[in-house]
Amino acid sequence: MALERTLSIIKPDAVAKNVVGEIYARFEKAGLKVVAAKMKHLSRKEAEGFYAVHSERPFFNALVEFMISGPVMIQALQGENAILKNRELMGATNPKDAAPGTIRADFADSIDANAVHGSDAAETAAVEIAYFFAATEVFPR
Ligand code: IDP
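Residues numbered from 1 in each chain as written. Predicted model: local features only at pLDDT ≥ 70, side-chain atom pairs only at ≥ 80, totals over all residues. Heavy atoms only, no water.

A look at the overall build of the chain
The helix and strand tally for the chain stands at 7 helices and 4 strands. When the helices and strands of the chain are read in sequence order from the N terminus, they spell out β-α-α-β-α-α-β-α-α-β-α. For the chain, whose C-alpha radius of gyration is 14 Å, the value lies close to the compact-globule estimate of 14 Å for 141 residues. Looking at the 141 residues of the chain, the share that counts as buried comes to 45%. (Helix = DSSP H or I, 4+ residues; strand = E, 2+ residues; numbered from the N terminus. Rg over C-alpha atoms; globule rule 2.2 N^0.38 Å. Buried < 20%, exposed > 50% of the residue type's maximum accessible area, 1.4 Å probe, protein only.)

Written out as structure tokens, the structure is:
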């Protein structure tokens, strides 16, 4: 077991559905602690930079448009195996494939509007947390 941090984003669709608290409760019940948080309406540049790894993919423009369509809730989560644990809570990228009881199964409407983002590896988690939070904005506990 390893104490990890991961970057989570509650996407515009889930913020609009008013389920931020329900999603936070799932993190907390799973033993993940919110150690940094901010609500933000991403600029196009910020969304493009965050998803730069997908810039050549056919869905890139739609993804960026969606991510700037409304405010998002961004948090760093800390806990044992936080990266995998958060991915398990999220469920599969396409909500049609997401296991019952996962965030995407319960709150996502489509592969485009799929409620949450979560880092997929330790290296990306560190980069993604630093993309949104200064070191002084993270509160390990
Ligand atoms: P993840 O969010 O489950 O880690 P990624 O493969 O990293 O999935 O893709 C990032 C985001 O891009 C997804 O959450 C989804 O919103 C969008 N996306 C991924 N694949 C597709 C696709 O085939 N069509 C449309 N959107 C996609």
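Don't stop here, the text continues.
Details of the site of the ligand
In the region of the ligand, the neighbouring residues are K11, H54, F59, L63, R87, T93, R104, I111, D112 and N114. Side-chain polar atom of K11 to an oxygen atom of the ligand: 3.1 Å apart, as the coordinates give it. Within the contact set of the ligand, an oxygen atom lies 3.1 Å away from a side-chain nitrogen or oxygen of R104. Contact with the protein chains covers 77% of the free accessible surface of the ligand, which is 520 Å². More than half of the atoms of the ligand fall within 2 Å of the grid points belonging to the largest pocket. Grouping the constituent residues of the shell around the ligand by class yields 3 nonpolar, 3 polar and 4 charged. (Near = heavy atom within 4 Å. Polar contact = N/O pair within 3.5 Å; in protein donor to acceptor, adjacent residues only side chain to side chain. Areas by Shrake-Rupley, 256 points an atom, 1.4 Å probe, with all protein chains shown as cover. 1 Å grid on protein atoms, 1.4 Å probe; cavity = no way out; pocket = protein on both sides within 12 Å on 5 of 7 lines; lining within 4 Å. Sits in = over half its atoms within 2 Å of the grid points. Nonpolar A, V, L, I, M, F, W, Y, C, P; charged D, E, K, R; others polar.)

Quick look at the UniProt feature "active site" (unreviewed entry) in the chain
Per the UniProt record, "active site" (unreviewed entry) is found at H117. Mapped onto the fold, H117 is located in strand 4 (residues 116-118). When near neighbours in sequence (up to four residues on either side) are disregarded, H117 contacts L7, S8, I9, K11, F50, Y51, N86, M90 and E128. (UniProt positions renumbered as here; feature names shortened; annotations may be inferred. Contact = heavy atoms within 4.5 Å.)

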